[in-house]
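# Observations on the model geometry
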Amino acid sequence: MDRSQPALSRLHELTPGQYADFFALLSSRTRHTTRDGAPYYSCIFQDAKRKVAFKAWADSTWFENCEQQWCEGHFYKIRGVYEENEKYGPQIDIHDIRAVKEQDRADGFEPADFLPHSRHDPEVMFAQLKSLAESQIGDAPLRQLVLLLLERHAEPLKRLPATLNKFHPFMGGLLEHTLSVTQSCIQLAEKYAIQYSELRPPLNRDLVVAGAILHDFGRLLEFDDESFLPQPTVPGRLFGHLFLGRDLVRDTASEVPNINPELIQILEHIVITHLSIPEWGSPKLPLVPECLIIHHADDLDAKLEMYARCLTNDRAPGLFTDRDPVLNRQLFKGRTV
């Protein structure tokens, strides 16, 4: 093959030593300084299934272009050689690079192909979540509040990740997480309402379901949905999703006639305390049992997703995965049953 005209390939399908053209998203561009004081940029290019690193050194061909022209969240057509370094992982040696053009769609370029996304259809998940709100919240004004918030924020809820780099860090991740937590909370509320039937006042199932649906709603304001790569907003940095979520609940509740102010007060408490642990950012400890159910369902769903993703994506030889940087451990994968 003529090395000047390589085949157009997909980044995640490249093999070590392959010379190819491919499209990629520049997901990270960070300026550093060497021990000798020379500047350089560390870049990450990606599609939905692979990330590759590239360093633009101060004396290299690409340093000035990287510094002045390359932008995070933008797409590029790259010509280069793919390599896998034992210590540093997947790398790309760039021979040529340009910004993606509209005509590249004729060659198969599609922006949605470059970020990981939920395995589940967001439209189906949203319909399921809305159905749970309609069928599982008996208090009519509280149900109206939850449905109003779902309808107003449907589109970003379908798109945004739950977090940028921890649990459910993919498109639709927030909706997948919210639906899963809500399903778990409904089961747990039913179980414990029966187990502690003597509790007075009884366990409030409506609050559990509403709190499960709304517990992370503040993340819709914590992240910017305007760019292809979500980034923290100014309110997100200043206040975080707990207080932003509480404000959403409080402000929207003022529009709902005949809503019980005590229910809203407890719902606000659930939203700001569902993390439970001060080290995780909770400003107060949970003071109602409904919040305890949501906290543990939330934590379990987040942790299990991280475990499952680590085990599914790992390619390390042997009985244990590579150390996961978020979990800060190597998971055992040597089970035979």
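Higher on the page you've got the structure.
The notes below deal with the structure included here. (Residues numbered from 1 in each chain as written. Predicted model: local features only at pLDDT ≥ 70, side-chain atom pairs only at ≥ 80, totals over all residues. Heavy atoms only, no water.)

This part takes up a nonpolar patch on the surface. Judged by side-chain polarity, Val234, Leu238, Phe239 and Phe243 come together as a nonpolar surface patch covering roughly 420 Å² of accessible area. Mapped onto the elements of the fold, Phe243 is located in helix α8 (residues 234-253). For Phe243, a relative accessible area of 31% corresponds to the partly exposed category. (Patch = residues over 30% accessible without salt bridge, like charges linked within 9 Å, V, L, I, M, F, W, Y side chains within 5 Å. Areas by Shrake-Rupley, 256 points an atom, 1.4 Å probe, with all protein chains shown as cover. Salt bridge = Lys/Arg side-chain N within 4 Å of Asp/Glu carboxyl O. Helix = DSSP H or I, 4+ residues; strand = E, 2+ residues; numbered from the N terminus. Buried < 20%, exposed > 50% of the residue type's maximum accessible area, 1.4 Å probe, protein only.)

Looking now at the packing of aromatic side chains. What describes a pair of aromatic rings is the distance from one ring centre to the other and the angle between the planes of the rings. Within the structure shown, the criterion is met by 13 aromatic pairs. Summarising the aromatic geometry, the rings of Tyr192 and Tyr196 are spaced 6.2 Å apart at their centres and angled 20 degrees between planes, so their arrangement reads as stacked. You can call Tyr196 partly exposed: its relative accessible area is 41%. Ring geometry for Phe320 versus Phe332: centroids 5.2 Å apart, planes at 50 degrees, classification tilted. In this pair, Phe320 is assigned in the segment after α10 (289-313) and Phe332 in the segment after α10, connecting sequence segments 12 residues apart. For Phe320, a relative accessible area of 42% corresponds to the partly exposed category. Judged by relative accessible area, which is 42%, Phe332 ranks as partly exposed. Through a chain of ring-to-ring contacts, the aromatic side chains of Phe45, Phe54, Trp62, Trp70 and Tyr76 assemble into a single cluster. (Phe/Tyr/Trp six-rings, centres within 6.5 Å; stacked < 30°, edge-to-face > 60°.)

The next thing to look at is the layout of surface pockets. The computed volume of the second largest pocket comes to approximately 760 Å³. Along its surface, the second largest pocket is lined by 28 residues, and Lys166, Phe167, Arg219, Leu275 and Trp280 are the ones closest to its centre. At the level of secondary structure, the elements contributing two or more residues to the lining of the second largest pocket comprise α7 (219-222), α8 and α10. Top element by residues in the lining of the second largest pocket is α10. It accounts for 6 residues. Looking at the lining of the second largest pocket residue by residue, the class counts come to 13 nonpolar, 7 polar and 8 charged. (1 Å grid on protein atoms, 1.4 Å probe; cavity = no way out; pocket = protein on both sides within 12 Å on 5 of 7 lines; lining within 4 Å. Points joined across faces, edges and corners; volume = space filled by probe spheres on them. Nonpolar A, V, L, I, M, F, W, Y, C, P; charged D, E, K, R; others polar.)

This part covers helix α2 (residues 122-136). With 15 residues, α2 should cover 21 Å at 1.5 Å per step; its first-to-last C-alpha distance of 21 Å lies within 8% of that length. Looking only at α2, the buried set comprises Met125, Phe126, Leu129, Leu132, Ala133 and Gln136. The buried residues of α2 occupy one face: seen down the axis, they fall within an arc of 125 degrees. Elements that come into contact with the buried residues of α2 comprise α3 (140-152), α4 (154-159), α5 (173-195) and α6 (205-214). Here α2 starts with a cap whose side-chain oxygen sits 2.8 Å from the backbone nitrogen of Glu123, and that cap is Asp121. (Expected span 1.5 Å × (residues − 1). Arc of directions from axis to C-beta. Contact = heavy atoms within 4.5 Å. Polar contact = N/O pair within 3.5 Å; in protein donor to acceptor, adjacent residues only side chain to side chain.)

Compared with the 36 Å implied by 1.5 Å per residue over 25 residues, the 37 Å span of α10 between its first and last C-alpha is a close match. Every buried residue of α10 is listed here: Glu290, Cys291, Ile293, Ile294, His295, Ala297, Asp298, Asp301, Ala302, Glu305, Met306 and Cys310. On its buried face, α10 is in contact with α5, α6 and α9 (261-273).

Here 7 bridges tie strand β2 (residues 39-46) to strand β3 (residues 51-57), and the two strands are oriented antiparallel to one another. Counterpart to Tyr40 in the pairing with β3 is Trp57. Taking the residues that link successive antiparallel strands as the turn, the β2-β3 hairpin has 4 residues. (Pairing = 2+ DSSP bridges.)

With that settled, the discussion passes to the pattern of salt bridges. With the rule as written, the count across this model stands at 20 salt bridges. Residue Asp21 is joined to Arg79 by a salt bridge in which the shortest nitrogen-to-oxygen separation is 2.7 Å. Placement of Asp21 in strand β1 (residues 19-33) and of Arg79 in strand β4 (residues 75-85) is noted, with a sequence separation of 58 residues between them. Here Asp21 matches Arg79 in class, with each residue buried.

The relative placement of two packed helices comes down to the angle between their axes together with the axis-to-axis distance. Contact geometry for α5 and α6: axes closest at 8 Å, N-to-C directions at 165 degrees. Classified by the angle between their axes, α5 and α6 sit roughly antiparallel to one another. Relative to α6, the crossing made by α5 is right-handed. Two secondary-structure elements touch here, α5 through Thr178, Val181, Thr182, Cys185, Ile186, Ala189 and Glu190 and α6 through Arg205, Val208, Val209, Ala212 and Ile213. Per-class residue counts for the contact of α5 with α6 are 8 nonpolar, 2 polar and 2 charged. (Axes fitted to C-alpha atoms, helices over the stretch in contact; angles between N-to-C directions. Parallel < 35°, antiparallel > 145°, perpendicular 65-115°, else oblique. Left-handed = near helix turned anticlockwise from the far one by under 90°.)

Turning our eyes to something else, we now look at the environment of Arg219. Structurally, Arg219 can be placed in helix α7. Linking Arg219 and Gly281, residues 62 residues apart in sequence, is a C-alpha distance of 14 Å.

On to the nonpolar core, then. Core analysis: the largest hydrophobic core is formed by 55 residues, its most contacted members being Leu145, Leu150, Leu157 and Leu267. Residue assignment for this core shows that the elements contributing at least two residues are α2, α3, α4, α5, α6, α8, α9 and α10. Ignoring any residue separated from it by four or fewer positions in sequence, one finds Leu145 in contact with Val249, Thr252, Ala253, Val256, Ile259, Ile264 and Leu267. Of all hydrophobic cores here, the second largest spans 22 residues; its members include Leu14, Leu26, Ala56 and Ile97. (Core = buried A, V, L, I, M, F, W, Y, C linked by side-chain atoms within 4.5 Å.)

All right, on to unusual backbone geometry then. Cis geometry marks the peptide bond from Arg200 to Pro201, where omega comes out at -5 degrees. Turning to its location among the elements, Pro201 is positioned in the loop between α5 and α6. One non-glycine residue, His168, lies in the positive phi region at around 45 degrees. Backbone geometry places Ser276, a non-glycine residue, at a positive phi of 70 degrees. The exposure class of Ser276 is buried, given its relative accessible area of 14%.

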